[in-house]
Amino acid sequence: MEIARPEVQRFTGSADGAIKAAAGGLSFYYGAVNALRNINVPIHEKRVTALIGPSGCGKSTFLRCFNRMHDLYPGNRYEGEIRLFPDNTNLLAPEVDPIEVRMRIGMVFQKPNPFPKTIYENVAYGLRVRGERARRVIDDKVEQALKSAALWDEVKDRLQSLAFNLSGGQQQRLCIARCLATDPELLLFDEPTSALDPIATGSIEELIHKLKDRVTILIVTHNMQQAARVSDYTAYMYLGELVEFGRTDDIFVKPRDRRTEDYITGRMG
Amino acid sequence: MEIARPEVQRFTGSADGAIKAAAGGLSFYYGAVNALRNINVPIHEKRVTALIGPSGCGKSTFLRCFNRMHDLYPGNRYEGEIRLFPDNTNLLAPEVDPIEVRMRIGMVFQKPNPFPKTIYENVAYGLRVRGERARRVIDDKVEQALKSAALWDEVKDRLQSLAFNLSGGQQQRLCIARCLATDPELLLFDEPTSALDPIATGSIEELIHKLKDRVTILIVTHNMQQAARVSDYTAYMYLGELVEFGRTDDIFVKPRDRRTEDYITGRMG
Amino acid sequence: MDAPRVREIRSVIARGKRWDVVFAIVGIVCLMIGLLTVAALFVDMAVKGLPRISLEFFTNFPSRRAESAGILSAWVGSTLVMVVTAVTAVPIGAAAGVYLEEYAPRNWMTDVIEINITNLAGVPSIVYGLLALGLFVYQFGLGQSVLAAGLTLALLILPVVIVATREAIRAIPAAMREGSYALGATQWQTVRYHILPYSMPGILTGVIIGLARAIGETAPIITIGALTFIAFLPSPPFQPEPPFLSFEWLFAPFTVMPIQMFNWTSRPEAAFQVNAAAAGFILVLMTLAMNGLAIWLRYRLRRNINW
Amino acid sequence: QLVKVDGSSTVFPVTEAVAEDFQKATKGKYKVTVGISGTGGGFKKFCRGETDISDASRPILKSEMEACRKAGIEYYELPVAFDALTVVIHPKNTFIKQLTVAEMKKMWEPAAQGKVTHWNQVNPQWPNQPMKLFGPGADSGTFDYFTEAIVGKSKSSRGDFTASEDDNVLVQGVSRDANALGFFGFAYYVENKAKLKAVPIVNDKGKPVAPSMDAVLAGTYQPLARPIFIYVNAKSLAKPEVREFTEYYMKHGAKLAKEVKYVPLPEKAYTANLEHLAKRKLGTVFGGVAEVGVTIEELIRREGKL
Amino acid sequence: MTLPAAISKRLATRRGRVLRECAIEFMLFLAASLSVFTTLAIVYILVSESVAFFRHVPVIDFLTDTQWTPLFDDAHFGIMVLVSGTLVSSIVALALAVPMGTIIAIYLSEFSTPGIREFAKPLLELLAGIPTIVYGYFALLFVTPILQWLIPSLPGFNLLSAGLVMGIMIVPTVASLSEDAMRAVPAALREGSYAMGATRLQTALKVVTPAAFSGIAAAYILGISRAVGETMILAVAAGMQPNLTWNPMEPAATITSYIVQVALGDLPHGSIGYQTIFAAGLTLMLITLMFNILGHMLRRRYRESY
Ligand SMILES: Nc1ncnc2c1ncn2[C@@H]1O[C@H](COP(=O)(O)OP(=O)(O)OP(=O)(O)O)[C@@H](O)[C@H]1O
Ligand SMILES: Nc1ncnc2c1ncn2[C@@H]1O[C@H](COP(=O)(O)OP(=O)(O)OP(=O)(O)O)[C@@H](O)[C@H]1O
Ligand SMILES: [Mg+2]
Ligand SMILES: [Mg+2]
């Protein structure tokens, strides 16, 4: 951990604007499987950072470190740290409550996973979990969140119908709205469009683009084009290591590492 | 069905070498859901034909018509025909026994599905089902099939261990070996690599390439690059219809249909 | 394919199909033996018992005269015992299931609990009777009361409820859980808002199947010594005066349907065999109704929540 | 307002009938429960003070008296009826006309186990056919009494007979096997006369007597007629419901016992019981031993001496 | 960000939350461990009463004596007599229930239409819901006469007919659980077999059954437990004759029928005869425990890994 410090310092002092979070010397173990090795990477505030890399390289694992999702399963172990700024909390410190971490950081999953409740209740859930009871406040926030997720117009007349009745793309936007309702500081997306058709994918990408003004975004994607389209920064991972990180334009145009180049060109045709 | 005839005739007379099979005026219904509409497409002998298209467009449904897999579930209905050459049997005719069809046509599934038996028994299964009892014949065919599936070297010392102990990629190759042991005339692959890592994917693709000399292959894939890499012909489906069929090179370079172009470019960037 | 090979394969297929047909017939015969036994037992009881079934049969107390004997105290007793059983088994069983699926760490203690539950599912009901006799009746001094019987049967069906709960919880995709946690929910919030509601139909199905089994149990209830002539009802739980609720009935002596039936079958007079058949018929109808409810719930579960 | 009765299954039908009518007569003012946990089980509860009245198919035993004494429980012993154990055979069985105690002892004594398996081993005039024996379970009062009366020692019997707690099962067993012989309470025979034949028993006067109410009353059906009792907790008797129930029992017991196919005692026996209650004559007249062959006369005489 | 007030407030709510979560977890844990307490209580009750019993009867006698006459004057305590009855009746039951249940399970899961399955399964499960006393009389009055017609030498009470009826009763347990296990086999495996050209029976026997083996084994084990623990059928139809035999054509007593016989009888609590039921119960518990552990091991070994 001591080794990691300088890296974080370096990122924080970057010229690229504020840093929202930074992984320092992060390693992760699924029991004996070492899935991440010494990862150092900054996440820029109000920017979209894309994580790319071949299947099984650890993208999801890395993403799920940010909201301590791995704490849910026994045998998992973190090493190193993830600092969240401006308060400079180490998200992985044992004394930090994972629930508090998750209250600050939202996550959208690969397959839309709305709860089998009404649309309204889905969006209100985060608020209820935070102990909010005032009906008016909840109504308000639900509406705002659905509007931010570009879903309000499609569902405003059927807030009380089951979320399962929505189409895949709508469900995914509902999941985004569910996160937005609680004003997260950082939003994690794990291949949010891989289960969706091209049209739904388009609308989610557009939404991510809009959200950038409000919230910092970290997105895992298999789709090179998507990474190129939506992200400001890209990190390329391979076999649990971070191979390259930089501005998306730079990475796609002149990758410094051979492995990155192979991967990107292989995928692009 | 009468309408379909001319189409089949046309395909059979194609200049592209022999035709192994051809769908003519094929429609398919899951109860009331019309999943395939009037599909006409030839399958060229000893070539790889790829089926691409957005999720839910009916690729798997189409593939599973070839070995009458839909017969297993009640309420499914075929219309039109699939002719298998050279004997010009209509696979879908009610008087044709689906078991006989399946004995001629092998299938490899999306998720590797080895049987809960030893490696040896998995490969021998098809032979046993065909009434083969001679130990020596079975031994021989098992070895050959495993060799053709490029698995022999990895498993020859543990033929009696459970198939579940193999890795995902090995399991998938085992499933291919299982089919090869019975000398199928046509092999169906339904997204055979989507559950596998890139290295395993690579070895399966290579294997498909090698198998082309022996057997006709029809493969469903989500992965544009894969289709481009392994197939000779490509069929693009959309909403249950066949939009375009042609040589893979042509389809990827200058698709005739706008929808194909959108899909391919959308996916390719 | 060449002709000889085709012929050979066709004969293999024909042989295989012949076995299919043979097996299907054997299967149908076995199924029929089972179903016909149900039908025979049911029809037999119906034919023997129907002449006795009338409104009075439900509203009369047991009597030494077969024609005027009824099952009032028995069905009320059965109902009350089932209420106690359900009220204790549901929360405890659901809680245990939730603990094992959602909380339990992988250690020897959990292993012990799990082995225990499978083992308890196989413990003969008469052993539960011995337990209840020693523990509830004498140690806790509950006597031969509704409460003692209800608790005994609750212990008896607990493994069924726990297993049903666990199955239902396991059917909930991990994505639901992760979705909830990712929004900052605590473990209990996740259980309360997601796990329990989504698994409730499954839990209820298990409970009802357990109760359907419990309602016909004779041996443990005989063992606690509840073979009794009772010609009155326990004091009702709802009272006209404050405090309106009374729990006196919990400690009241009782009788239940299978006991009443057992009592009647061992009478010398042939007329009582008719009563026994009638009581048996109604008991089977009760289990039938419960199973029907369980099936309906299962069906609802499948239709409403489709992961 | 609850009268708790528990004990013998043999006495159960009589007490049940009384309880039923009593509750009707008092219009539900009092409640009565009548349990079946056996004479022994009944005394166990009775001597812990858990029940008010104990049904008994035999007199209280020494150990039970001791238990009651320790717990400070005093009781009244009230005979309520006679039961006639009936030996039955299959109706097609023609060779058995009567049975002596000695013959039955040959069949049932422990030494017979595995050896006496054919009828001609008991009586050479009987055919050489297998003998199938049926009887109540070894822990019932009926079995105790039968062994005491026939073999001479309570619970002393061969073990290889078919037993059942449920007398209807015995009825089924005997009625389906031409070589069967069994015994159980009189009531079960009366209800199944069509399927079974009762065997006259040769009494100590050398006369074969078939079981019947009259024969029991006359004291000639011996030694298989036995008195049955209720024991009333003296303290409970202070409670109006127990007193009223007991009195009701004595007033209507004769009629109801007859109704459920037991042999009622003569009227004077019930009045004598009521007198005992009034004069607080506590305790038992049997001294803690089970006796066989007590006639009604003898019983009344003894009870009068309390 | 240095906002001590806000942070300390957050810490306070956090502590409350953690406390509440812990309390809830502890309560759930208690509920789960109730099962352990139940087992401990069962073992405690059985062992404490059995200890008194084994003070009277040496364990060696208990295990090796060939007679079981605990209530007789000449008492023997050879539990093997009851164990043999229990095992023989269970074996007969399983010999019927295992093949029949498995065939029905395969038929319903692999051959029948969903309509038949949805209709037949609950109906079949009803078999498990019929009070066992009804089965007892079914065995005695219906099955036994048929068997006697087939095998004239068969006695009216025997383990065979009780065992067969018990088998019928267990069929739904075996069939229903096995069917659940088979249906849990992923369609991919089944389709894999069909795609190879296998027939239904080949798929069912060679792929589905092995894949579902651990679930099927669990169903068998539960069926065994049911058979070993079944009471009323044997009490009515098997003859309750303590008879050390391995021949199903003879009458015999089982552990359970002995327990219920004593529970219904006239035996005083605390007597040696009464303690025998706990010793017998302990034996029963150990037998079922043995099978359950066996089942657990089987499941461990063949856990579904598809
Ligand atoms: N629960 C687990 N236990 C053990 N190893 C795991 C577990 N989950 C993932 N892994 C392993 O960790 C590595 C990283 O997995 P991860 O899911 O993060 O990859 P990924 O980059 O998200 O891949 P994909 O693109 O397929 O989603 C893989 O080798 C995987 O096999
Ligand atoms: N059993 C079924 N019953 C009813 N409709 C079905 C069934 N299976 C599939 N469908 C529908 O048929 C259509 C075609 O499905 P199919 O599985 O063939 O798509 P696919 O192209 O293979 O998609 P994917 O790429 O996701 O595998 C879809 O709309 C699907 O919803
Ligand atoms: Mg991933
Ligand atoms: Mg598909």
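All chains use their own residue numbering, which begins from 1 and follows the written sequence. Think of it this way: whatever chain is written first is A, whatever ligand is written first is 1, and the rest follow in order. Local features are withheld for residues below a pLDDT of 70 in this predicted model, meaning they are given only at 70 or higher, and side-chain atom pairs are given and counted only at 80 or more; totals for whole chains, interfaces and linings count all residues. Values reported for side chains reflect all heavy atoms of the structure, with hydrogen atoms and water molecules removed beforehand.

Undergrad: Mind showing me how you'd approach the overall build of chain C here?
TA: The way it works is that DSSP assigns letters per residue, a run of H or I at least four long becomes a helix, a run of E at least two long becomes a strand, and they are numbered from the N terminus. Helices and strands together make up the secondary structure of chain C, namely 11 helices and one strand. When the elements of chain C are put in sequence order from the N terminus, they spell out α-α-α-α-α-α-α-α-α-β-α-α. On C-alpha atoms alone, chain C measures out to a radius of gyration of 25 Å, which is more than a quarter above the 19 Å that the 2.2 N^0.38 rule sets for 307 residues. Reported as C-alpha extents along the three principal axes, the dimensions of chain C are approximately 85 × 60 × 35 Å. Throughout this description, buried means an accessible area under 20% of the type-specific maximum (1.4 Å probe, protein chains only), exposed means over 50%, and partly exposed covers the range between. In chain C, which comprises 307 residues, the proportion classed as buried is 59%. Here the radius of gyration uses the C-alpha set of atoms, whereas the globule reference equals 2.2 Å times the residue count to the power 0.38.

Undergrad: Before we go on, may I ask you to explain the site of ligand 2 in this structure?
TA: Residue and element names in this part refer to chain B. Looking at ligand 2, the residues that line it are Tyr 30, Ala 35, Ser 55, Gly 56, Cys 57, Gly 58, Lys 59, Ser 60, Thr 61, Glu 191 and His 222. With respect to ligand 2, the side chain of Tyr 30 contributes an N or O atom lying 3.5 Å from a nitrogen atom. Polar contacts here mean pairs of N or O atoms no more than 3.5 Å apart (in protein, one a potential hydrogen donor and the other a potential acceptor; neighbouring residues in sequence count only if both atoms are side-chain atoms). Separating an oxygen atom of ligand 2 from a side-chain N or O atom of Glu 191 is a distance of 3.4 Å. In these tables, accessible area is a Shrake-Rupley quantity obtained with a 1.4 Å probe, and a residue counts as shielded only by the protein chains included in the view. Protein contacts shield 59% of the accessible area of ligand 2, which totals 630 Å² for the unbound molecule. For the shell around ligand 2, the leading source of residues is helix H2 (residues 59–66), giving three residues. Only heavy atoms are used to decide nearness, and a residue is near a molecule or strand if one of them lies within 4 Å of it.

Undergrad: Is there a simple way to explain the sheet that holds strand S4 (residues 76–84) of chain A in this structure?
TA: Sheet strands associate in pairs through backbone hydrogen bonding, adopting either a parallel or an antiparallel arrangement. Residue and element names in this part refer to chain A. We call two strands paired when DSSP finds no fewer than two bridges between them. Here we have four strands laid out as an open sheet, ordered S2-S1-S4-S5, and antiparallel in their pairing. Because the sheet does not close on itself, it has two edges, and the strands there are strand S2 (33–44) and strand S5 (89–90). Judged from the two bridges that link them, S4 and S5 form a sheet pairing that is antiparallel. Within S5, the residue paired with Arg 83 across the bridge is Asn 90.

Undergrad: Sorry if this is basic, but what is going on with the pattern of salt bridges here?
TA: A side chain with one charge can pair with a side chain of the opposite charge if their charged atoms come near. Basic side-chain nitrogens of Lys or Arg form a salt bridge, by our definition, when they fall within 4 Å of a carboxyl oxygen of Asp or Glu. One pass over the full model with this rule turns up 73 salt bridges over all chains. Residues Glu79(A) and Arg77(A) are paired through a salt bridge, measuring 3.4 Å at the closest nitrogen-oxygen approach. A relative accessible area of 40% places Arg77(A) in the partly exposed class. Among the charged side chains, a salt-bridge network with shared partners connects Arg64(C), Arg65(C), Glu20(D), Asp21(D), Lys24(D) and Glu259(D).

Undergrad: Please explain the arrangement of the chains as it appears in this structure.
TA: Any two residues whose heavy atoms approach within 4.5 Å at even a single point are treated as in contact. Looking across the eight pairs of chains in contact, one finds the most contacts between chains C and E. Chain A shows no contact with chain D. Their nearest C-alpha atoms sit 52 Å apart.

Undergrad: Which parts of the structure should I look at to understand the sheet that holds strand S7 (residues 186–190) of chain B?
TA: Residues and elements named next belong to chain B. On the basis of which strands lie adjacent, the open sheet formed by six strands has the order S6-S7-S8-S3-S9-S10 and mixed pairing. Two strands in the sheet have a free side with no partner beyond their single neighbour: strand S6 (105–108) and strand S10 (241–247). For this sheet, the mean inter-axis angle between neighbouring strands, taken without regard to orientation, is 15°. Inspection of the sheet shows S7 paired to strand S8 (residues 216–220) by five bridges, in the parallel sense. Looking at S8, one finds that Leu 188 is bridged to Leu 218. Fitted lines through C-alpha atoms serve as axes, helices being fitted only where they are in contact, and the angles separating the N-to-C directions of these axes extend from 0 to 180 degrees. Along the sheet face, helix H7 (residues 168–180) touches S6 and S7 and points at about 175° away from the line of S6.

Undergrad: In this structure, what is going on with the interface of chain C and chain E? I would like to understand it.
TA: Where interface size is quoted, it is often the accessible area lost as the parts come together. In this assembly, 71 residues from chain C lie in contact with 69 residues from chain E. Put simply, buried area is the surface a 1.4 Å probe can reach on two separate parts but cannot reach once they are joined, added for both. Regarding the contact of chain C and chain E, the summed buried area is about 6,300 Å², with carbon and sulfur atoms giving 78% of it. Taken together, chain C and chain E are joined by six residue pairs in polar contact (both at pLDDT 80 or more). At 18 residues, helix H1 (residues 3–49) of chain C tops the list of elements feeding residues into the side of chain C that touches chain E. Charged residues are taken to be Asp, Glu, Lys and Arg, nonpolar residues to be Ala, Val, Leu, Ile, Met, Phe, Trp, Tyr, Cys and Pro, and polar residues to be all remaining types, Gly included. Within the side of chain C that touches chain E, the residues separate by chemical class into 47 nonpolar, 18 polar and six charged.

Undergrad: I tried to follow the site of ligand 1 on my own but got confused; where do I start?
TA: Residue and element names in this part refer to chain A. Taken together, Tyr 30, Ala 35, Ser 55, Gly 56, Cys 57, Gly 58, Lys 59, Ser 60, Thr 61, Glu 191 and His 222 make up the full set of residues adjacent to ligand 1. The contact in question runs from an oxygen atom of ligand 1 to an N or O atom on the side chain of Lys 59, over 2.8 Å. Protein contacts shield 59% of the accessible area of ligand 1, which totals 630 Å² for the unbound molecule. Here the shell around ligand 1 gets three residues from one element, more than from any other, and that element is helix H2 (residues 59–66). Here the residues of the shell around ligand 1 sort into three nonpolar, six polar and two charged.

Undergrad: Just checking my understanding: could you explain the packing of helix H3 (residues 72–103) of chain C against helix H6 (residues 146–170) of chain C for this structure?
TA: All names here are of chain C. H6 packs onto H3 with a crossing angle of 35° between their chain directions and a minimal axis gap of 6 Å. Like other packed secondary-structure pairs, H3 and H6 cross with a definite hand, here right-handed. Of the residues that constitute the contact of H3 with H6, the class distribution is 21 nonpolar, six polar and four charged. By the definition used in this description, the sense in which the near helix is turned from the far one sets the handedness, with an anticlockwise turn below a right angle giving left-handed and a clockwise turn giving right-handed.

Undergrad: How do you make sense of the confidence of the model for chain C when you look at a structure like this?
TA: Summary of the metric used: pLDDT quantifies the predictor's per-residue confidence within the range 0 to 100. Summing up the model confidence of chain C, the mean pLDDT is 84 and the portion of residues at 70 or higher is 95%. Per-element confidence in chain C ranges from a low mean pLDDT of 79 for strand S1 (residues 228–230) of chain C to a high of 91 for H3(C).

Undergrad: How do you make sense of the pairing of strand S7 (residues 186–190) of chain A when you look at a structure like this?
TA: Residue and element names in this part refer to chain A. Within S7, five of the five residues are buried, which leaves it mostly tucked inside the rest of the structure. Bridge count for strand S6 (residues 105–108) against S7 is four bridges, and the pairing is parallel. Residue pairing for S7: Val 108 is matched across the bridge by Phe 189. Handedness of a crossover is defined as follows: with both strands directed away from the viewer, a clockwise route from the first strand across the helix to the second makes it right-handed. Where the polypeptide runs from S7 across helix H8 (residues 198–211) and back to strand S8 (residues 216–220), its parallel neighbour, the crossover connection is right-handed.

Undergrad: How do you make sense of the pairing of strand S3 (residues 48–52) of chain A when you look at a structure like this?
TA: Sheet faces and side chains relate simply in a regular strand, where the side chains alternate between the two faces. All names here are of chain A. Of all five residues in S3, five are buried; the element is thus mostly enclosed. Where burial is concerned, the two faces of S3 agree: the one with Val 48, Ala 50 and Ile 52 and the one with Thr 49 and Leu 51 are both buried. The sheet contact formed by S3 and strand S9 (residues 233–238) spans four bridges and is parallel. Directly across from Leu 51, in S9, lies its bridge partner Ala 235.

Undergrad: Sorry, what's going on with unusual backbone geometry here?
TA: That bond from Phe85(A) to Pro86(A) is cis: its omega, 10°, falls within 30 degrees of zero. For the bond from Gln222(D) to Pro223(D), the omega torsion is 0°, close enough to zero to count as cis. Positive phi values are uncommon outside glycine, yet Ala150(A) reaches one of about 55°. Within the secondary structure, Ala150(A) sits in the loop between helix H5 (135–148) and helix H6 (152–155). For Ala150(A), a relative accessible area of 35% puts it in the partly exposed group. Backbone geometry at Asp183(B) places phi at a positive 50°, although glycine is not the residue there. In this structure, Asp183(B) sits in the loop between H7 and S7. Of the residues examined, Asp183(B) reaches a relative accessible area of 42% and is grouped as partly exposed.

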